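Fold and contact review
If you want the building blocks of each chain, they are given just below.
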Amino acid sequence: MIFTDFFGTEKMRAVFDDRSLVQYWLDVEAALARAQARVGLVPPDAAVAISMAARADSIDLEALRRGTNLVGYPILPLVRQLSSRCDETTAGHIHWGATTQDIMDTASVLQLRKADRLLRDDLTRLIDRLSVLAQCYRDTPIAGRTHGQHALPITFGYKIAVWVDELKRHLQRFNEAGPRLFRVQFGGAAGTLASLGDKGLAVHHALAEELDLAPATISWHAARDTIAEFVCVCGLLGASLGKIANEVANLQRTEIAEVEEAFQPGKGGSSTMPQKRNPNLSENVVGLSRLVMQQVPAMLSAMIAGHERAMGEWHIEWRAVPETCLLTSAALVHTCAIFDGIVVHEHTMARNLGMTNGQITSEAVMMKLAEHVGRQRAHDLLYEMCVQSQETGAPLQSVIAENSEVAAILSETEVKSLLDPGNYTGLAGDFVDRVCR
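To keep things clear, this report deals only with the structure shown in the data block. The structure presented is a predicted model; accordingly, all values stated were derived computationally and were not measured. (Residues numbered from 1 in each chain as written. Predicted model: local features only at pLDDT ≥ 70, side-chain atom pairs only at ≥ 80, totals over all residues. Heavy atoms only, no water.)

Observations concerning the overall build of the protein chain
To be explicit about the condition: Counting from the N terminus, the helices are the DSSP runs of H or I reaching at least four residues and the strands are the DSSP runs of E reaching at least two. For this analysis, residues touch if any pair of their heavy atoms sits within 4.5 Å. The protein chains shown are the only cover counted for residues, whose accessible areas, like all others here, come from Shrake-Rupley with a 1.4 Å probe. A residue counts as positive if it is Lys or Arg and as negative if it is Asp or Glu; His and the chain ends are not included. Just so you know, the charge point we use is NZ for Lys, CZ for Arg, CG for Asp and CD for Glu.
Scanning the protein chain for helices and strands turns up 19 helices and four strands. If one aligns the C-alpha atoms of the protein chain with their principal axes, the spans along those axes are about 100 × 50 × 35 Å. Partitioning the intrachain contacts of the protein chain with sequence separation of at least 6 by distance along the chain shows that 76% fall at a separation of at least 24. As presented, the protein chain carries roughly 21,100 Å² of accessible surface, and 54% of it is formed by carbon and sulfur atoms. The centroid of the 41 positive side-chain charges in the protein chain is displaced by 2 Å from the centroid of its 52 negative side-chain charges.

Here it is, written out as structure tokens:
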């Protein structure tokens, strides 16, 4: 209970709790009865009675648990309980021509459709929030870093826009994966619908309509790629969220201090160090991202099903799919919380840009000088002057001023302008506009 909100949101837990899961199974059983009534296989009165009885609050979950442990699967003991709530004639039409995996797979699709909506809603909210921040800090210079060291100036908005562009691709992946996933499963014992004769496809299509799902072209009992794809998309999203959160945590380091998670009394503290303001939301997301990614290899292994039904591989999904959705939802909500209250220290960004005494914009001087002496000679000159600046601690501008070859080409005013980080952010602002338009 203590860590509940760390590893899943209340809305996502409601999708995957036991009572909801049972209701999804019952929804499929009821829809199947209605579909079969539409094609004349089940009396309409029986379909109505089955639908009315298919309520999770009338199911004894403890008895269902015991029955599942005995049988190995939950649908047989569930059907027995559902049948006990109907008269004998009606009960005889429950689960007609279906197999356990038909019910469980279709219910999983219904669950994932709901989970998909929740995830896409939170992802869209995060994209919107980051887009606003990217535009707000479109022209705010910050040190770009490669290999952990200062590289060239960028803007903070540019850094965020890179994240936005990446997250937009994940949203597109969810949108593209949905139509492949949200299909009904109804094939009977071996997927051929032999038990329903010439009514099999009619029932299949009617069931799809009842549940507002797409019909499948063929049974997918042993073809688990669509569910695995959904988990893989979550894994990709989780990795991106982990990267973003890790960046925030690093930018909050005492030595950098360019951003900070919103502070309130008691947040991010230490049991022994009074001064601490730890980036605990970012830390949560970093941990969650790794847990989400761990589900991907499990789901890929679940795809290796034997013959026309899996021998144990399918069971992996029962744990991995809910875990994936819960962990991803938590990672998204925590990331949204980070940027709902993010504190940006522009003065520290400006201070850090000057840490290397002008060397962060040495390329700007080099490129201008190259117009006169060629790129390689210009590189060699600036390399030597940067080494001198690093070893002596002298500002690069003063070192350049002492070099007669460069001084003969570039004036002091030109060099000063070239070394201004705000003048060398390239097309950072334009890229922000392209991403956030």
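Re the pairing of strand S1 (residues 141-146)
This is how the line gets drawn: Here the rule is simple: two strands pair whenever DSSP picks up at least two bridges between them.
The pairing of S1 with strand S2 (residues 149-155) spans five bridges and is antiparallel. Note on S2: the bridge partner recorded for Thr 146 is Gln 149. Hairpin connection from S1 to S2: two residues lie between these consecutive antiparallel strands, with His 147 at a positive phi of about 55°.

Comments concerning the nonpolar core
Soluble, globular proteins show a tendency: their nonpolar side chains are buried together. Applicable threshold: Working definition of a nonpolar core: buried Ala, Val, Leu, Ile, Met, Phe, Trp, Tyr and Cys residues. They are joined through side-chain atoms within 4.5 Å. Each residue gets one of three labels from its accessible area relative to the maximum for its type: buried under 20%, exposed over 50%, partly exposed in between, using a 1.4 Å probe on protein chains only.
Core analysis: the biggest nonpolar cluster contains 112 residues, and Trp 25, Leu 130, Phe 156, Leu 167 and Phe 339 have the highest contact counts within it. Top element by residues in this core is helix H7 (residues 100-136). It accounts for 15 residues. Setting aside residues no more than four positions away along its own chain, Phe 156 makes contact with Tyr 137, Thr 140, Ile 142, Leu 251, Val 259, Val 344 and Met 349. Listed in part, the 18 residues of the second largest apolar core include Leu 396, Leu 410, Val 415 and Leu 419.

Section: the packing of aromatic side chains
Formally: Pairs were defined over the aromatic rings of Phe, Tyr and Trp, the Trp ring being its six-membered one, requiring ring centres within 6.5 Å. Orientation was assigned from the angle between planes: stacked under 30 degrees, edge-to-face over 60, tilted for the rest.
For the structure shown, the criterion picks out 10 aromatic pairs. With 6.0 Å between their ring centres and 25° between their planes, Tyr 73 and Trp 314 make a pair best called stacked. With Tyr 73 in the loop between helix H4 (61-71) and helix H5 (75-84) and Trp 314 in helix H12 (residues 313-340), the pair connects residues that are 241 residues apart, well separated along the chain.

With respect to the pattern of salt bridges
Heads up, the condition is: Definition used for salt bridges: Asp or Glu carboxyl oxygen within 4 Å of a side-chain nitrogen of Lys or Arg.
Counting across every chain of the model gives 23 salt bridges. In this structure, the salt-bridge partner of Arg 138 is Asp 433, at a minimum N-O distance of 2.9 Å. Of the two residues, Arg 138 sits in the loop between H7 and S1 while Asp 433 sits in helix H19 (residues 428-436), which places them 295 residues apart along the sequence. Among the ionic contacts, a cluster of salt bridges with common partners joins Arg 34, Arg 38, Glu 209 and Glu 210.

Considering the layout of surface pockets
We apply this condition: The way it works is a 1 Å grid over only the protein atoms, where trapped points that fit a 1.4 Å probe form a cavity and open points with protein on both sides within 12 Å along at least five of seven lines form a pocket, and then any residue with an atom within 4 Å of a point lines it. Grid points are joined across faces, edges and corners, and a volume is the space filled by probe spheres set on the points. Charged residues are taken to be Asp, Glu, Lys and Arg, nonpolar residues to be Ala, Val, Leu, Ile, Met, Phe, Trp, Tyr, Cys and Pro, and polar residues to be all remaining types, Gly included.
Looking at the largest pocket, its volume works out to about 580 Å³. Every residue lining the largest pocket is counted, 22 residues in all, and those nearest its centre are Asp 18, Leu 21, Trp 25, Pro 74 and Trp 318. Looking at the lining of the largest pocket, the elements with two or more residues in it are helix H2 (18-38), H4, H7 and H12. For the lining of the largest pocket, a count of residues per class yields 14 nonpolar, four polar and four charged.

With respect to the state of the cysteines
Applied cut-off: When two cysteine sulfur atoms are found within 2.5 Å, that pair is recorded as a disulfide.
This structure, assessed with the given rule, holds zero disulfides. Free cysteine: Cys 325, not disulfide-bonded; nearest cysteine sulfur from Cys 234 at 5.5 Å. Of the cysteine sulfurs around Cys 336, a residue in no disulfide, the closest is that of Cys 234, at 15 Å. Relative accessible area serves as the criterion here: at 2%, Cys 336 is assigned to the buried category.

Brief notes about the environment of Ala 33
Checked against the element boundaries, Ala 33 lands in helix H2. By relative accessible area, Ala 33 is classed as buried at 2%. Residues Ala 33 and Ala 46, 13 residues apart in the sequence, show an inter-C-alpha distance of 7.8 Å. The contact partners of Ala 33, leaving out residues within four places of it in the chain, are Val 42, Ala 47 and Ile 50.

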